[in-house]
Amino acid sequence: MGQAATQNEMVVKQDLAVVAEVRRFVRLVTGQWGMDDFVPCLVASELVTNALQHAASATDDDVILRLSRTEGDALWMEVQDTACGLPHMLAADTTSETGRGLFIVDQYARCWGIRALADNAGKIVFAVIDRT
């Protein structure tokens with residue numbers, strides 16, 4: 001049996017200005033693990049922004065960011081929200097101000113995906129990010 005992964009969690013408030021706090025949280029956790037924070041901060045910013053913009057409709061709907069390590073010492077990141085609509089990658093053009101979030105995640109993460117929660121309680125969008 002492998003040892004249980006340490007998990008760090010942050011409840012994200014309904015305010016896009018909170019993305020700076022998300023990056024601070026990611027830097028703190030990845031720093032404790034001796035991991036470079038650039039890609040994790042970028043991916044976390046995109047996933048949390050997507051959840052805040054598209055998923056959370058009511059101010060009491062929580063968006064939760066969780067960080068843990070995989071057995072292979074990669075970073076497991078997930079963002080949970082209460083919306084049931086599934087995000088999808090858009091074909092963003094070079095002049096578009098939005099629509100690049102999942103494209104960025106797809107470029108930098110080893111893999112990512114979406115898991116629906118039971119009873120229409122929402123979804124989790126996850127990404128696995130290698131240490132280097």
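Structure first, text after, so check above.
Residues numbered from 1 in each chain as written. Predicted model: local features only at pLDDT ≥ 70, side-chain atom pairs only at ≥ 80, totals over all residues. Heavy atoms only, no water.

Quick look at the overall build of the protein now. Along the backbone of the protein there are 3 helices and 5 strands. Its helices and strands in sequence order give the protein the pattern β-α-α-β-β-α-β-β, from N to C terminus. The buried share of the protein, taken over its 132 residues, is 43%. Across the protein, the fraction of contacts at a sequence separation of at least 24, relative to all contacts at a separation of at least 6, is 60%. A total of about 7,600 Å² of accessible surface is found on the protein, and carbon and sulfur atoms cover 50% of it. (Helix = DSSP H or I, 4+ residues; strand = E, 2+ residues; numbered from the N terminus. Buried < 20%, exposed > 50% of the residue type's maximum accessible area, 1.4 Å probe, protein only. Contact = heavy atoms within 4.5 Å. Areas by Shrake-Rupley, 256 points an atom, 1.4 Å probe, with all protein chains shown as cover.)

Now for the side chain of T49. Residue position: T49 is located in helix α2 (residues 38-55). With near-sequence residues (within four places) excluded, T49 lies in contact with L16 and V19.

Right, let's get into the environment of K123. Following the sequence through the fold, K123 ends up in strand β5 (residues 123-129). Taking the C-alpha atoms as reference points, K123 and A51, separated by 72 residues in sequence, lie 9.9 Å from one another. Engagement of the side chain of K123 in a polar contact is seen with the side chain of D81, the distance being 2.9 Å. (Polar contact = N/O pair within 3.5 Å; in protein donor to acceptor, adjacent residues only side chain to side chain.)

Attention shifts here to the environment of P40. Along the polypeptide, P40 turns up in helix α2. Here the alpha-carbon distance between P40 and L75, two residues 35 residues apart in the chain, equals 8.0 Å. Filtering out sequence-adjacent residues up to four positions away, P40 remains in contact with V26, T30, M35, L75, M77 and I129.

A word on the packing of aromatic side chains. For the structure on display, the rule yields 1 aromatic pair. Between the aromatic rings of W76 and F126, the centroid separation amounts to 4.9 Å while the plane-to-plane angle is 10°, which identifies the pairing as stacked. Within this pair, whereas W76 is found in strand β3 (residues 75-81), its partner F126 is found in strand β5, the two being separated by 50 residues in sequence. According to the relative accessible area criterion, W76 is partly exposed, its value standing at 24%. Here F126 falls in the buried class, since its relative accessible area comes to 17%. (Phe/Tyr/Trp six-rings, centres within 6.5 Å; stacked < 30°, edge-to-face > 60°.)

The next subject is unusual backbone geometry. Phi is positive for D119, close to 60°, though the residue is something other than glycine. Counting through the fold element by element, D119 comes out in the loop between β4 (111-116) and β5. According to the relative accessible area criterion, D119 is exposed, its value standing at 78%.

Turning to helix α3 (residues 101-108), a few remarks are in order. G101, L102, I104 and V105 are the residues of α3 that are buried. When α3 is viewed along its axis, its buried side chains cluster within an angular range of 155° and face the same direction. (Arc of directions from axis to C-beta.)

The next subject is the pattern of salt bridges. Throughout the structure, instances matching the rule amount to 7 salt bridges. In this structure, the salt-bridge partner of D73 is R69, at a minimum N-O distance of 2.7 Å. For R110, the salt bridge identified is with D130, shortest N-O distance 2.4 Å. Of the two residues, R110 is situated in the loop between α3 and β4 and D130 in the segment after β5; the sequence distance between them amounts to 20 residues. Taking relative accessible area as the criterion, D130 reaches 35% and is therefore assigned partly exposed. Residues participating in the shared-partner salt-bridge network are E9, R66 and E78. (Salt bridge = Lys/Arg side-chain N within 4 Å of Asp/Glu carboxyl O.)

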